Amino acid sequence: MEEMLRMANGQQRSTKDAIDIINIKCHDLKHQIRALAKIEDADARSEYLQEVQRAVSIYDATYHTGCKALDYILREKSLMFDEYGVEFSCMVEGETVAFMSVPDIYALMGNALDNALECVKQEAEDERMISLQIRRNGDMVLLHLENRCSRKPEFRDGFPVTNKKDKTRHGFGVKSIRYIVEKYGGELFMDAKCGKFSLDILFSRPVI
């Protein structure tokens, strides 16, 4: 139970980090707007204005997947990805996971995306890429998450082993993902090859 609470606190810290990013960006924008007012050259003003517009474009990245829980998670994680220069792409049919509870959706996707971010943060800036697909294929729900991973992790019993020094207090993200997948009768596969780490989940569930 203490470990479950610790994991919940970890998700709260992730949300706090996203809020901190917003506050920092807003603070920077105030200074940028003041600087913009002092630029007299039209070309320089236009170029600077484009930079400001690019800086705020991340806040327009709203998601409408058909699942509000997924929309919230993707919105929050997009802020984190942008902060670390991660190229993120997703094609998600949110209604396909409607059979899951909201806490389980948040825990499953939160842990999966956090793990992907932790991995790509170790890559060169131009190699930080994450892609997500969630779609229906007949009566199957398919989830595929892929990220750049130039250093193959150690695997044990088909799952990656945490590289943190204190292994007794880490690695619960993967265990949580595995627990939730099994809870809904799904199958979980993880693999690392050709410089990429992939997570695949199959649910034999009809869309509700």
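You'll find the structure just up there.
Described below are features of the structure shown in this document. (Residues numbered from 1 in each chain as written. Predicted model: local features only at pLDDT ≥ 70, side-chain atom pairs only at ≥ 80, totals over all residues. Heavy atoms only, no water.)

**Here's the deal with the overall build of the chain**
Okay, step 1: Across its full length, the chain carries five helices and seven strands.
Okay, step 2: Secondary structure elements of the chain occur, N-terminal to C-terminal, as α-α-α-β-α-β-β-β-β-α-β-β.
Okay, step 3: In the chain, which comprises 208 residues, the share counted as buried stands at 37%.
Okay, step 4: Intrachain contacts of the chain at a sequence separation of at least 6 include 67% that bridge at least 24 residues. (Helix = DSSP H or I, 4+ residues; strand = E, 2+ residues; numbered from the N terminus. Buried < 20%, exposed > 50% of the residue type's maximum accessible area, 1.4 Å probe, protein only. Contact = heavy atoms within 4.5 Å.)

**Focus on the pattern of salt bridges**
Okay, step 1: A complete count under the given rule lists ten salt bridges for this structure.
Okay, step 2: The partner of K121 in a salt bridge is E118, with the nearest N and O atoms 3.2 Å apart.
Okay, step 3: Given a relative accessible area of 40%, E118 falls into the partly exposed group.
Okay, step 4: Across the pair R136 and D139 runs a salt bridge whose closest N-O atoms are separated by 3.6 Å.
Okay, step 5: Exposure remark for R136: the relative accessible area of 39% places this residue in the partly exposed category.
Okay, step 6: Overlapping salt bridges bring together E76, K77 and D114 as one network. (Salt bridge = Lys/Arg side-chain N within 4 Å of Asp/Glu carboxyl O.)

**Examining empty space enclosed by the protein**
Okay, step 1: By the definition in use, this model includes one cavity of 30 Å³ or more.
Okay, step 2: Within this model, the largest cavity holds a volume of roughly 40 Å³.
Okay, step 3: In terms of lining residues, the largest cavity is bounded by L70, V97, M100, I105, L108, M109, I134, L143 and F203.
Okay, step 4: Ranked by residues supplied to the lining of the largest cavity, first place goes to helix α4 (residues 102-120) with three residues.
Okay, step 5: Split by residue class, the lining of the largest cavity holds nine nonpolar, no polar and no charged. (1 Å grid on protein atoms, 1.4 Å probe; cavity = no way out; pocket = protein on both sides within 12 Å on 5 of 7 lines; lining within 4 Å. Points joined across faces, edges and corners; volume = space filled by probe spheres on them. Nonpolar A, V, L, I, M, F, W, Y, C, P; charged D, E, K, R; others polar.)

**Quick word on the side chain of R128**
Okay, step 1: Looking at the element boundaries, R128 is found in the loop between α4 and β2 (129-137).
Okay, step 2: The side chain of R128 is buried and forms no salt bridge, while E125, the nearest opposite charge, is found at 4.9 Å.
Okay, step 3: Only 3.1 Å separates the side chain of R128 from the backbone oxygen of E123, close enough to count as a polar contact.
Okay, step 4: Those residues in contact with R128, other than ones at most four positions away along the chain, are Y84, G85, V86, E87, V120, K121 and E123. (Lys, Arg positive; Asp, Glu negative; His and termini not counted. Polar contact = N/O pair within 3.5 Å; in protein donor to acceptor, adjacent residues only side chain to side chain.)

**Quick notes on the side chain of S198**
Okay, step 1: Position of S198 among the secondary structure elements: in strand β7 (residues 196-204).
Okay, step 2: Not counting chain neighbours up to four residues away, the residues in contact with S198 comprise H144, L145, E146, F189, M190 and D191.

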